[in-house]
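Next come the chains, spelled out residue by residue.
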Amino acid sequence: MSPNGGGVATLTAEIRALKAERRALIIAHNYQRPEIQDLADVVADSLRMARRATESDAPVIVVCGVHFMAETAAIANPTKRVLIPDPGAGCSLADTIQAADVRRWRAEHADGLVVAYVNTSAAVKAEADYCCTSGNAVAVIAALPLGVPVLFLPDFFLGNYLRKITGREIEVWLGECHVHAALTPRIIEQRRAEYPDAEFLVHPECGCVTSALYYAEADGDVAAGRTRIVSTEQMMTRARTSPARRFVVATETGVLHRLRRENPEKQFVAAAETAECRYMKMITLENLRDSLRDLKHEVTVPPEIAARARRAIDRMLAIG
Ligand code: 13P
Ligand code: SF4
């Protein structure tokens, strides 16, 4: 029983009724609580969330995720009402960079290009040339013209990984996600020893990403397909298609719900059970119900910022 508003079944029924009444679309991220994932219309990574938001004709979109995800939906749908059940659901990675930081870099690199990871505020995206997500970052960097200075922001681990994979000289911002940074090379080494038969699904924001790639290459794991550096949605696809029976999953533990539900015959082990994003977990059945009932909390982006941020998002969607 929840402290302020009924059991899971009652709340779920209330939410379904309100959703129908409001003709709302509920988009949830793969890190959301299981009960939120189970009643969402779409459960996805940041890239698919952004795409679904642009395709929707629902008058109300509720984003069960963190604030930048709701902003992206609002930018894509200026005439619709975009809600987030808890406006305090932020992102420690997005908070590591402000629009003024990007403007300073631009002032020193007049011909430079800025690629902003989707985990940024709308104000930062408005200063960028391209947006990208973990699902298409390699394709976006590979599509940039050669011979110009490039700044990738704000994730240091993902940026370093992009440098290695694309061979491009990229300046990388020194931001990190506290959840993924804590997934260190040592943790992966321990899991490799514990589960020598497992396939490793590693999110590119992880502190272990470069070494995972290094060891994996050294042992031939990448060639053999035993280590994949992938977005949360690509983890779903890989788990479905891989012949492996056991997987170690290096990212926020919310992904395990869908992985297990969609692949009941396979085993999924968290790289670390402690890898939990407190911001993602701020969305609950209670505040989702309240959000639909009271049409709160609406997320809006000033039109001038939205227009510039949309340019960077559209460029990303055109690439992949
Ligand atoms: P994905 O785009 O892979 O879902 O990742 C989003 C995120 O916030 C990672 O921490
Ligand atoms: Fe942000 Fe990290 Fe949470 Fe993802 S897991 S939303 S990057 S704080």
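Residues numbered from 1 in each chain as written. Chains lettered and ligands numbered in written order. Predicted model: local features only at pLDDT ≥ 70, side-chain atom pairs only at ≥ 80, totals over all residues. Heavy atoms only, no water.

> When you look at helix α10 (residues 185-194) in this model, what are you seeing that I'm missing?
Side chains three or four residues apart in an α-helix point the same way, a direct result of the helix having 3.6 residues per turn. Where α10 is concerned, the buried positions are Ile187, Ile188, Arg191 and Arg192. In an axial view of α10, the angular spread of the buried residues amounts to 140°, which keeps them on one side of the axis. Of the exposed residues in α10, those oriented more than 90 degrees away from the buried face are Arg186 and Ala193. (Buried < 20%, exposed > 50% of the residue type's maximum accessible area, 1.4 Å probe, protein only. Helix = DSSP H or I, 4+ residues; strand = E, 2+ residues; numbered from the N terminus. Arc of directions from axis to C-beta.)

> What am I meant to see in unusual backbone geometry here?
Glycine aside, residues mostly have negative phi, and peptide bonds are mostly found in the trans state. The step from Leu153 to Pro154 runs through a cis peptide bond, and the omega angle for that step is -10°. Within the secondary structure, Pro154 sits in the loop between β7 (150-153) and α8 (156-166). Between Lys296 and His297 the backbone carries a cis peptide bond, its omega angle lying at -5°. Within the fold, His297 resides in the loop between α15 (285-294) and α16 (303-319). The phi torsion at Arg23 lies on the positive side, around 50°, for a residue other than glycine. For Arg23, the location among the structural elements is in the loop between α1 (8-22) and β1 (24-29).

> Would you mind showing me how to read the site of ligand 1 here?
For ligand 1, the full set of nearby residues is His29, Tyr31, Asp45, Ser46, Asn119, Ser134, His180, His203, Glu205, Ser231 and Thr232. A distance of 2.6 Å is found between an oxygen atom of ligand 1 and a side-chain nitrogen or oxygen belonging to His29. In the model, an oxygen atom of ligand 1 is placed 3.2 Å from a nitrogen or oxygen of the Asn119 side chain. In the complex, 96% of the free accessible area of ligand 1, which totals 300 Å², lies under the protein chains. Partitioned by chemical class, the residues of the shell around ligand 1 number 1 nonpolar, 8 polar and 2 charged. (Near = heavy atom within 4 Å. Polar contact = N/O pair within 3.5 Å; in protein donor to acceptor, adjacent residues only side chain to side chain. Areas by Shrake-Rupley, 256 points an atom, 1.4 Å probe, with all protein chains shown as cover. Nonpolar A, V, L, I, M, F, W, Y, C, P; charged D, E, K, R; others polar.)

> Just checking my understanding: could you explain the pattern of salt bridges for this structure?
Two side chains bearing opposite charge may form a pair once their charged atoms approach each other closely. Evaluated as defined, the whole model comprises 22 salt bridges. Residue Arg261 is joined to Asp38 by a salt bridge in which the shortest nitrogen-to-oxygen separation is 3.0 Å. One end of the pair, Arg261, is in helix α14 (residues 255-262); the other, Asp38, is in helix α2 (residues 34-39), with 223 residues separating them in the sequence. By relative accessible area, Asp38 is classed as partly exposed at 44%. Here Arg103 makes a salt bridge to Glu127, at a shortest N to O gap of 2.9 Å. (Salt bridge = Lys/Arg side-chain N within 4 Å of Asp/Glu carboxyl O.)

> Help me out: how do you make sense of the pairing of strand β5 (residues 113-117) in this one?
Within a regular beta strand, the side chains point alternately toward one face of the sheet and then the other, so they alternate between its two faces. Within β5, 5 of the 5 residues are buried, which leaves it mostly tucked inside the rest of the structure. Neither face of β5 is open: one carries Leu113, Val115 and Tyr117, the other Val114 and Ala116, and all of them are buried. Examined bridge by bridge, β5 and β7 share 4 bridges and lie parallel to one another. From the neighbouring strand, Ala116 faces β7, where its bridge partner is Leu153. Both β5 and strand β6 (residues 130-132) contribute to a ladder of 3 bridges, which runs parallel. Its bridge partner lying in β6, Val115 is registered against Tyr130. (Pairing = 2+ DSSP bridges.)

> Mind showing me how you'd approach the packing of aromatic side chains here?
Note on aromatic pairs: each is described by the distance of the centres and the angle between the planes. This model, assessed by the stated rule, comprises 3 aromatic pairs. Here the aromatic rings of Phe156 and Phe157 are separated by 5.4 Å at their centres, their planes lie at 70°, and the arrangement is edge-to-face. Phe157 gets classed as buried once you look at its relative accessible area, which sits at 15%. The cationic tip of Arg315 hangs over the ring face of Tyr130; the distance from NZ or CZ to the ring centre is 5.5 Å. (Phe/Tyr/Trp six-rings, centres within 6.5 Å; stacked < 30°, edge-to-face > 60°. Lys NZ or Arg CZ within 6 Å of the ring centre and 35° of its normal.)

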